[in-house]
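Below are the chains, spelled out letter by letter.
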Amino acid sequence: MRNKKLIALLSIVVSLVLVIIVCGATFLVRDIQAYSYYVDSPAAFDKKVIAASGIEKNSSMFFLDETEVKKRVEDKCADVVIVERHEEGDEIITEENHYGAEVINVERKFPDKVSINYIVYRELFQYRSASGDYYRCFASGKVSRKVTAEDFATSDFITVRTKQTTADKPKSYFQKSKGFDRMAMKTFIDYMHTVNVKDKQMPQRIASIDLTRNDGMYQYMYIKTKDGCAIEIIAQEQYFLDKLDELLHYGWSLFVDPSPDSDINPSSGKITVFLKDENGSKKPSHEPFHSNYTDEDYERDYLGA
């Protein structure tokens, strides 16, 4: 009886081993694909992601480590320089642009395909850290690189003045996930995407964003456009982040599409959008357009100059 049980157990073990061997030989990686969620991502990036993944063809589908693939891609594609060309009138302009990838997931598509789904971010904004050093960031909020004071002063990237402490390390996020400035910038970037302003277009429209001002009751956000006009968002601190998307929409709409009888001038002055809390009302409104508000006024109000 014992021998029969032992033989049955060995038969099961041998069968399992044979199944594993057959599956291991049958389900091999033969096709590796990379898919970017952004339509305007560089064409060359798919190949870079596949090369960085370290996945070998004819390796077993079962022994693929998705976590390790994600780590390798994000490490090797943390700051990729791509030379791009575009036309400006009759001229061909050549630019070196920095991009960084973040992997959304790694999919095994049996019998033989692996798909790496990722987002590629373009450098978008810059800031000065508490240590006095200067850094650039991708639209994701991840730090791309340290730059010189001269590069910082002469670049076309959005300059952000932060309320809270920021990171001093490339490949890390400029703030923790619940950091005020990181959450505010994510809301701002996500909103701009909803109105079809892409990452590469934002620095063409926005010069700087200041998040430093707080008078004890109200939190402020000062957005200086490249056209010259500024948009100032004001709300009580406890509502600010929750209502920021709505307030941005109100302010940006006034800027890009003022009503015919409006005195708003896109090239100067300041549009102030605020959230009152009278009788529980949370509806945004705007003050009369401040046509004479200048950079000197901003320096007084925000820089204490």
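Before reading further, recall that the structure is shown in the block above.
Asks: Outline the pattern of salt bridges, supporting the account with residue identities and numerical values.
Replies: All told, the structure shown has 17 salt bridges when counted by the stated rule. Between Arg213 and Glu232 there is a salt bridge whose closest N-O contact spans 3.7 Å. On the criterion of sequence distance, the pair formed by Arg213 in the loop between β8 (206–210) and β9 (218–225) and Glu232 in strand β10 (residues 230–236) is long-range, its members being 19 residues apart. Assessed through its relative accessible area of 2%, Glu232 is described here as buried.

Asks: Describe helix α5 (residues 180–194), with residues and values.
Replies: Working note: α-helix, 3.6 residues per turn, so residues spaced by three or four point in the same direction. Across its 15 residues, α5 extends 21 Å between first and last C-alpha, which sits within 8% of the 21 Å expected from 1.5 Å per residue. Within the sequence span of α5, burial applies to Phe180, Asp181, Arg182, Ala184, Met185, Thr187, Phe188, Ile189, Tyr191 and Met192. Within two residues after α5, Asn196 carries a phi angle of roughly 65°, on the positive side.

Asks: Please provide a residue-by-residue account of unusual backbone geometry, values included.
Replies: The omega angle of the peptide bond from Phe110 to Pro111 is 15°, so this bond is cis rather than trans. In this fold, Pro111 is placed in the loop between β3 (91–109) and β4 (113–128). Of note in the backbone geometry, Lys171 takes a positive phi value of approximately 80° without being a glycine. Here the phi dihedral of Asn196 falls at roughly 65°; this positive angle occurs in a residue that is not glycine. With a relative accessible area of 64%, Asn196 lands in the exposed category.

Analysis parameters
- Residues numbered from 1 in each chain as written.
- Predicted model: local features only at pLDDT ≥ 70, side-chain atom pairs only at ≥ 80, totals over all residues.
- Heavy atoms only, no water.
- Salt bridge = Lys/Arg side-chain N within 4 Å of Asp/Glu carboxyl O.
- Helix = DSSP H or I, 4+ residues; strand = E, 2+ residues; numbered from the N terminus.
- Buried < 20%, exposed > 50% of the residue type's maximum accessible area, 1.4 Å probe, protein only.
- Expected span 1.5 Å × (residues − 1).

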